Amino acid sequence: MHIRLANGPNHCAGRLEVLHQQRWGTVCDDSWDLNDAKVVCRQLGCGTAVVAPGRAHFGQGSDPIWLDEVECTGMESEFSRCRLGAWGQHNCNHEEDAGVVCSGSNPMPARVTGGPGPCAGRVEVLYNATWHGVCSSGWSLLEAGVLCRQLGCGPAQSVPSGAQFGAGDHRDLLEGLSCRGSESLLLECQQMDTAPGPCWLGAPAAVVCAKPKGEPWGMWCDGCWGGDGPQGVLLPLYSAFEERV
């Protein structure tokens, strides 16, 4: 059975489509989970599954909807060995198209720079082997929340101007990221037209995430301040950021 991932950033992430009777069709997300996605990634040679998004995360396909209630154990060598059910029988629409993100799709490494620690600063993303700032146009708490999650930080608290963390490089800022807020990786927010661009706002995006739970301020800031103090250094800094948003 031929399968492919369509409408994603590359061949290892996108909407799952299967070829049947010489027509490409989609798979409904009913009972769709990581075990199903693992088999897809294995067959495509894309590593292991990272997430198995549903609800047409990578856009709605076109008829037909070939499969519904797919059941894989995760151990199958190829998708055709899963329990697939009858072709063309479903109770879905294309708002329920299943998707897959595999580890071989380059998880879009990201970092923050210029801030007081690893969870606050200007946003930078590794794109085509080059670190780029992200355009603040379209950057919101939804995108920031995904980045904080990817960085292993606490929830996003604010999206201040990147100028708060130094000027950075305003040239060729990455545009085209759009998140729902529930994604685990920025890769899942990457659109087909994501690329470095002029950024009409001319400003880099930034983020302030909460520190990881249970981690003292001194560790989080890598020794910038010891223990919980000095009081008045970190907390007013966060308040100042939030007031400017």
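Structural data are supplied above this passage.
This report concerns the structure included in the present document. No experiment lies behind these values; they were computed from the predicted model shown. Sequence order as written defines residue numbering, which begins from 1 separately in each chain. Per-residue local features are limited, in this predicted model, to residues with pLDDT of at least 70; the limit for side-chain atom pairs, both in listing and counting, is 80 or more; totals at the level of whole chains, interfaces and linings are taken over all residues. Only heavy atoms go into the side-chain values, all of them from the structure, while hydrogens and water stay out.

### Notes on the packing of aromatic side chains
Here comes step 1: Geometry of aromatic contacts follows a simple scheme: Phe, Tyr and Trp rings, the Trp one being its six-membered ring, pair when their centres are within 6.5 Å, and the pair is stacked under 30 degrees between planes, edge-to-face over 60, tilted otherwise. Taken as a whole and assessed by the stated rule, the structure comprises 2 aromatic pairs.
Here comes step 2: Pairing tryptophan 32 with phenylalanine 79 gives two aromatic rings, centres 6.4 Å apart and planes at 65 degrees, and the pair type is edge-to-face. Of the two residues, tryptophan 32 sits in the loop between strand S3 (23-27) and helix H1 (34-44) while phenylalanine 79 sits in the loop between strand S5 (65-67) and strand S6 (99-102), which places them 47 residues apart along the sequence.
Here comes step 3: Buried, partly exposed and exposed residues are distinguished by accessible area as a fraction of the type maximum, computed with a 1.4 Å probe on protein chains only: under 20%, between the cut-offs, and over 50%, respectively. Residue phenylalanine 79 is classed as buried on the basis of its relative accessible area, which comes to 0%.
Here comes step 4: For a lysine, the NZ atom is tested; for an arginine, the CZ atom; a charge sits over a ring if that atom is within 6 Å of the ring centre and within 35 degrees of the ring normal. Geometry around tryptophan 24 places arginine 4 over its ring, the cationic atom sitting 4.1 Å from the centre.
Here comes step 5: Above the plane of the ring of tryptophan 131 lies arginine 111, whose end atom (NZ or CZ) is 4.0 Å from the centre. The way it works is that DSSP assigns letters per residue, a run of H or I at least four long becomes a helix, a run of E at least two long becomes a strand, and they are numbered from the N terminus.

### Points about the nonpolar core
Here comes step 1: To form a nonpolar core, buried Ala, Val, Leu, Ile, Met, Phe, Trp, Tyr and Cys residues must be joined to one another through side-chain atoms within 4.5 Å. Trp32 and Phe79 are the most contacted members of the largest nonpolar core, which totals 23 residues.
Here comes step 2: Elements with a minimum of two residues in this core: strand S1 (3-10), strand S2 (13-20), H1, S5 and S6.
Here comes step 3: Ranked by the residues each element gives to this core, the list is headed by H1, at 4 residues.
Here comes step 4: We call two residues in contact when some of their heavy atoms are within 4.5 Å. Beyond its immediate stretch of four places on either side in the chain, tryptophan 32 contacts Leu16, Val27, Ala37, Val40, Ala52, Pro53, Val70, Phe79, Ala98, Gly99 and Val100.
Here comes step 5: In this structure, Ala144, Cys153, Leu174 and Val207 belong to the second largest nonpolar core, which totals 22 residues.

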